[in-house]
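Descriptive structure summary
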Amino acid sequence: MDFLVAPLRRFTIRVRMIGAVFMVLGMFGVIGLMGVAGGLKIQSLSEDFMAHAVQELETVGQVRQHLAAVRLHEKQMVIDYEDGVRVLKHREAWLAEIAATKQALAALLEGDEDADNPLAREAVQRLDAYVERSEPVLRNIQNGEYDNARAADRMLGRAKDEVAVAEERVAQIAAIVSTEAAQMRTDLQALLGWGVVAFGGVLVVILIVVVPLTLANSRSITAPIAYAVSVAERIAAGDLSRPVSVQGQDEASALVGALQRMQASLQQVVGGVHASSQSIRLASTEVATGNQDLSGRTEQTASNLQQAASSLEQLTGTVGSTADSARTANQLAVAVSPVGSRLVLLD
């Protein structure tokens, strides 16, 4: 099944669907053409069977019926040999039946030449010979020239031989027509059997060709969509590491290709975010280190300030002591000044 999927995916889903529709329509067209051809052939055989075999069977039946009537009137003329009027009536009916028999035989000669035509011609010739040999005897019977019926019947012996041969030829014609009818029925049954086999063959072709192609076409649509769903779910879960495979040139391939490009874009975005986070982490580390240095310097400065404050306090104390000493000296100087003056005066 998979070996059919790859070639199908070279075409778009729309093209494949249109192709499937035309393929099904083509199959139905083939079935329809086969049905029409088989129907026309069956119709032709049926028409041939009805127009030829059935008609000839009916005609042969008519020939036999007329020949039986001929023989019956012949016997009636012999039986009624003493009644000329009745013999005349039977003779007229006899001639009419002979004419009807010849007309029916002529109907068998119509159409294409076939195996029964020579037999029909010979039967007509035998009937003519029968009439030719029977006419003098029948006239004599009508005129009452025979003493009894047996004598009259004996005189018709040679004529009866001719009509007997004609009856044999008609029987052979009947056998041929029956064989042809049986053959036509066999051909018709064979054609019906061929139609059934052909229809079954078309169904087998449909099963062998259409069903696998339909299943492969369905798989060529559903499998890529299922793969696209799995890719989308993987991307939604945050997994961007697996490669996305794009196969074919149909709409499903376009969808998978779009997911592939989306994954590549997300990889770039995530890569940029990762690089930015690394830069931020490094800057944070540097800031933390700077803060530690600043804290140390601040503590050193505070210590220095404390030392300066202590020195200032000492300096202030020293200055205070100096001031006190200066005041004391000043007081001593003031106190000593009068004594000096007196000493000068004493000098």
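Before reading on, note that the structure itself is shown above.
Everything in this summary refers to the structure shown in the same document. Here the residue numbers are simple positions, counted from 1 along each chain's written sequence. Local features in this predicted model are restricted to residues whose pLDDT is 70 or higher, and side-chain atom pairs enter the listing and the counts only when it is 80 or higher, whereas totals over whole chains, interfaces and linings include all residues. As a rule here, side-chain values come from all non-hydrogen atoms in the structure, and water together with hydrogens is ignored.

Runs of E in the DSSP output that reach at least two residues are strands. Runs of H or I that reach at least four are helices, and both are numbered from the N terminus. For the protein chain, the helix and strand inventory stands at seven helices and zero strands. For the protein chain, the succession of helices and strands along the chain, N to C, is α-α-α-α-α-α-α. Only heavy atoms enter the contact rule, under which two residues are in contact if any of them lie within 4.5 Å. By sequence separation, contacts in the protein chain at least 24 residues apart represent 77% of the contacts at least 6 residues apart.

Looking now at the side chain of glutamate 74. Tracing the chain through its elements places glutamate 74 in helix α2 (residues 13-79). What makes glutamate 74 buried here is its relative accessible area of 3%. Sequence-distant contacts of glutamate 74, defined by excluding residues within four places in its chain, comprise Trp94, Tyr130, Leu156 and Lys160. Under the scheme applied here, a residue whose accessible area is under 20% of the maximum for its type counts as buried, over 50% as exposed, and between as partly exposed, the area being computed with a 1.4 Å probe on protein chains only.

Attention shifts here to the side chain of arginine 91. Turning to its location among the elements, arginine 91 is positioned in helix α3 (residues 84-108). By relative accessible area, arginine 91 is classed as buried at 12%. The residues touching arginine 91, leaving out its near neighbours within four places in the chain, are Met77, Glu135, Leu138, Arg139 and Gln142.

It is worth spelling out the nonpolar core at this point. One finds Val60, Trp94, Leu105, Tyr130, Ile141, Val170 and Ile173 to be the most contacted residues of the largest nonpolar core, which totals 33 residues. Of all the secondary structure elements, the ones that give two or more residues to this core are α2, α3, α4 (117-142) and α6 (157-236). The dominant element in this core, judged by the number of residues it contributes, is α4, at 10 residues. Judged by nonpolar contacts, the second largest core, of seven residues, contains Val231, Leu240, Val244 and Val256. In plain words, nonpolar cores are sets of buried Ala, Val, Leu, Ile, Met, Phe, Trp, Tyr and Cys residues tied together by side-chain atoms within 4.5 Å.

Remark: the centre distance and the inter-plane angle together describe each pair of aromatic rings, the angle taken between the planes. By convention, a stacked pair of Phe, Tyr or Trp rings (six-membered ring in the case of Trp) has centres within 6.5 Å and planes under 30 degrees apart, an edge-to-face pair has planes over 60 apart, and any other such pair is tilted. By the definition in use, this model includes one aromatic pair. Their ring planes at 65° and their centres at 5.6 Å tell us that tryptophan 94 and tyrosine 130 sit as a pair that is edge-to-face. With tryptophan 94 in helix α3 and tyrosine 130 in helix α4, the pair connects residues that are 36 residues apart, well separated along the chain. On the basis of relative accessible area, tryptophan 94 is assigned to the buried category, the value being 0%.

Moving on, we come to the pattern of salt bridges. The rule for a salt bridge is simple: a side-chain nitrogen of Lys or Arg has to be within 4 Å of a carboxyl oxygen of Asp or Glu. All chains considered together, the criterion is met by 15 salt bridges. Close ionic contact of arginine 71 with glutamate 74 constitutes a salt bridge, the shortest N to O distance being 3.6 Å. Of this pair, arginine 71 and glutamate 74 both sit in helix α2, three residues apart, roughly one helical turn. The pair arginine 71 / glutamate 74 is uniform in exposure class, with both members buried. Two residues, glutamate 162 and arginine 133, come together in a salt bridge whose shortest N-O distance is 3.6 Å.

Before going further, it helps to spend a moment on the packing of α4 against α6. Packed helix pairs are characterised by how far apart their axes lie and by the angle those axes make with each other. Lines fitted to the C-alpha atoms define the axes, with helices restricted to the stretch that makes contact. Angles between their N-to-C directions range from 0 to 180 degrees. Interhelical geometry of α4 versus α6 gives an angle of 160° and a closest axis separation of 8 Å. The angle between α4 and α6 places the two elements in the roughly antiparallel class. Relative to α6, α4 is oriented so that their crossing is left-handed. Contact residues: Leu119, Ala120, Glu122, Ala123, Arg126, Leu127, Ala129, Tyr130, Arg133 and Ser134 in α4; Arg158, Ala159, Lys160, Glu162, Val163, Val165, Ala166, Arg169, Val170, Gln172, Ile173 and Ile176 in α6. Angle categories are assigned with fixed cut-offs, so that under 35 degrees is roughly parallel, over 145 is roughly antiparallel, 65 to 115 is roughly perpendicular, and the rest are oblique. The handedness criterion is simple: a crossing whose near helix is rotated anticlockwise from the far helix by less than a right angle is left-handed, and one whose near helix is rotated clockwise is right-handed.

Once that is clear, we can look at the environment of isoleucine 225. Relative to the helices and strands, isoleucine 225 is located in helix α6. Its relative accessible area of 41% is what places isoleucine 225 among the partly exposed residues. Linking isoleucine 225 and leucine 255, residues 30 residues apart in sequence, is a C-alpha distance of 8.2 Å.

Another point: α3. The span one expects for a helix is its residue count, reduced by one, times 1.5 Å. In this model α3 runs 36 Å from its N-terminal to its C-terminal C-alpha over 25 residues, within 8% of the 36 Å that 1.5 Å per residue would give. Listed in full, the buried residues belonging to α3 are Val87, His90, Arg91, Trp94, Ile98, Ala100, Thr101, Ala104, Leu105 and Leu108. The term polar contact refers here to a pair of N or O atoms within 3.5 Å; inside protein, the definition further demands a hydrogen-donor-capable atom paired with an acceptor-capable atom, and it admits residues adjacent in sequence only when both atoms are side-chain atoms. Capping of α3 at its N-terminal end is provided by aspartate 83; its side-chain oxygen lies 3.2 Å from the backbone amide nitrogen of valine 85.

What follows is about the packing of α3 against α4. Axis separation between α3 and α4 bottoms out at 10 Å; the angle between their running directions is 170°. Considering the angle they form, α3 stands roughly antiparallel to α4. Class assignment of the residues belonging to the contact of α3 with α4 gives a composition of 15 nonpolar, five polar and five charged. Following the grouping adopted for this structure description, the nonpolar residues are Ala, Val, Leu, Ile, Met, Phe, Trp, Tyr, Cys and Pro, the charged ones are Asp, Glu, Lys and Arg, and the polar ones are all others, Gly among them.

On to the environment of arginine 86, then. In this structure, arginine 86 sits in helix α3. Accessibility expressed as a relative area gives 44% for arginine 86, which makes it partly exposed. It is 8.5 Å that separates the C-alpha atoms of arginine 86 and glutamine 142, two residues lying 56 residues apart in sequence.

Taking 1.5 Å per residue as the helical rise, α4 with its 26 residues ought to reach 38 Å, and the 36 Å between its terminal C-alpha atoms agrees with that figure. Note on bend: at a given residue it equals the angle between the axes fitted to the 7 residues ending there and to the 7 starting there. The largest bend in α4 amounts to roughly 35° and is located at glutamate 135, with the proline proline 136 lying one to four residues further along.

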